[in-house]
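Topology and contacts: notes
Now for the letters of each chain:
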Amino acid sequence: MIASSEKVKENIEIAPGIFKLTVKGYFQAKPGQFYMLKAWGRELILPRPISIYDIDEQGISFLYAAVGKGTKILSKLKEDDEVKIMGPLGNGFEVENIKGKVAIIAGGIGIAPMNYLVKELKECEIDLYAGFREFSYSLEGFEKYVNSVQVSTETGNIGYKGFVTNLVKVEKYDLVICCGPEVMMKKVVDMCIKEKVEVYIHGK
């Protein structure tokens, strides 16, 4: 684990209230790990835990929703601004142990850690199920790593109208990996217990 101040490469709004922050530098981490981010001084706001969205030659990227005071401050960062980061934290996924037919179920900002994960999985057939409230986002990078992408929105603006869990037949899979709202993850766990399918839950 390393704490440091780094320079922002870009911080763009990819959907209403959803931002992708890229920090310059060389980073190594496992899919499913996260960093603590802070871009303020003595204010009584703790650093924000944000999952790794991607790591490449450009640096490390994070996907986050600007919903609280801390993340709203992060959303104002510009190129070459400084951000304090500490990590990687968390156990992450043991990708070498993930094999076979895999369903990835993501709800809202729960899509964030799945991007880096699918890039690192090697011996899998992957289907992605992504649920959103109104607008989908951050799906364009998945196509070359997964067999299929199915999308739901609560409003019906895009894809299936309803909850993403209605699209999944978990019994078709060797493993289910999910991240999203607690109510969604509980539903997925209940489905997998009923069908005796292994399930991994990832906190956002």
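The structure under discussion appears in the preceding block.
Structure report, in brief. None of the values given here were measured: they were computed from a predicted structure. (Residues numbered from 1 in each chain as written. Predicted model: local features only at pLDDT ≥ 70, side-chain atom pairs only at ≥ 80, totals over all residues. Heavy atoms only, no water.)

**A few points about the overall build of the protein**
Along the backbone of the protein there are 3 helices and 12 strands. Here the protein has a C-alpha radius of gyration of 17 Å; the compact-globule value for 204 residues is 17 Å, and the two agree. Along the three orthogonal principal directions, the C-alpha set of the protein runs to about 50 × 40 × 30 Å. Counting only residues that meet the buried cut, the protein has 47% of its 204 residues in that class. Of all intrachain contacts in the protein linking residues separated by at least 6 positions in sequence, the fraction that spans at least 24 positions is 60%. Accessible surface, the protein as shown: approximately 10600 Å² in total, 51% of it carbon and sulfur. Seen as two clouds, the 27 positive and the 27 negative side-chain charges of the protein have centres 6 Å apart. (Helix = DSSP H or I, 4+ residues; strand = E, 2+ residues; numbered from the N terminus. Rg over C-alpha atoms; globule rule 2.2 N^0.38 Å. Buried < 20%, exposed > 50% of the residue type's maximum accessible area, 1.4 Å probe, protein only. Contact = heavy atoms within 4.5 Å. Areas by Shrake-Rupley, 256 points an atom, 1.4 Å probe, with all protein chains shown as cover. Lys, Arg positive; Asp, Glu negative; His and termini not counted. Charge placed at Lys NZ, Arg CZ, Asp CG, Glu CD.)

**Remarks on the packing of aromatic side chains**
The full count for this structure, using the stated rule, is 5 aromatic pairs. Between Tyr129 and Tyr173, the ring centres sit 6.3 Å apart and the planes meet at 90 degrees, which makes this aromatic pair edge-to-face. Here the residue Tyr129 occupies a position in strand β8 (residues 124–132), and Tyr173 occupies one in the loop between β10 (160–161) and β11 (175–179), the gap between them amounting to 44 residues. Exposure remark for Tyr129: the relative accessible area of 2% places this residue in the buried category. Since its relative accessible area comes to 5%, Tyr173 is described here as buried. Each member of the aromatic cluster is reached from another via a ring pair, and the members are Phe27, Tyr35 and Phe62. (Phe/Tyr/Trp six-rings, centres within 6.5 Å; stacked < 30°, edge-to-face > 60°.)

**A word on the sheet that holds strand β4 (residues 48–56)**
The antiparallel closed barrel is built from 6 strands, whose spatial order is β1-β2-β5-β4-β3-β6. Strand-to-strand twist of the sheet, defined as the mean angle between neighbouring strand axes without regard to direction, takes the value 45 degrees. One ladder, built from 6 bridges, connects strand β1 (residues 2–15) with strand β6 (residues 82–89); its direction is antiparallel. The residue of β6 that forms the bridge with Lys7 is Glu82. Together, β4 and β5 (59–65) form the strand contacts of helix α2 (residues 112–120), whose direction differs from that of β4 by roughly 30 degrees. (Pairing = 2+ DSSP bridges. Axes fitted to C-alpha atoms, helices over the stretch in contact; angles between N-to-C directions.)

**Notes on the environment of Glu10**
Here Glu10 shows up in strand β1. Glu10 gets classed as partly exposed once you look at its relative accessible area, which sits at 28%. On a C-alpha basis, the gap between Glu10 and Asn166 in space is 36 Å, while along the polypeptide they are 156 residues apart.

**Structural notes on the sheet that holds strand β9 (residues 148–153)**
Taken in spatial order, the 6 strands of this open sheet run β10-β9-β8-β7-β11-β12, and their pairing is parallel. Strand pairing shows two members of the sheet lacking a second neighbour, β10 and β12 (198–201), which therefore form its edges. Bridge count for strand β7 (residues 100–107) against β11 is 5 bridges, and the pairing is parallel. Considered in β11, the bridge of Ala106 is made with Cys179. Contacts from helix α3 (residues 182–195) reach β7, β11 and β12 within the one sheet, and its direction differs from that of β11 by about 170 degrees.

**Quick notes on the nonpolar core**
Judged by nonpolar contacts, the single largest core of 28 residues is most densely connected at Ile104, Ile111, Met114, Leu117 and Ile177. Put simply, the parts of the chain that give this core at least two residues each are β7, α2, β8 and β11. Setting aside residues up to four positions removed in sequence, Leu117 forms contacts with Pro31, Phe93, Val95, Ile104 and Ile177. Core analysis: the next-biggest nonpolar cluster, separate from the first, contains 22 residues, Tyr35, Ile55, Tyr64 and Val83 among them. (Core = buried A, V, L, I, M, F, W, Y, C linked by side-chain atoms within 4.5 Å.)

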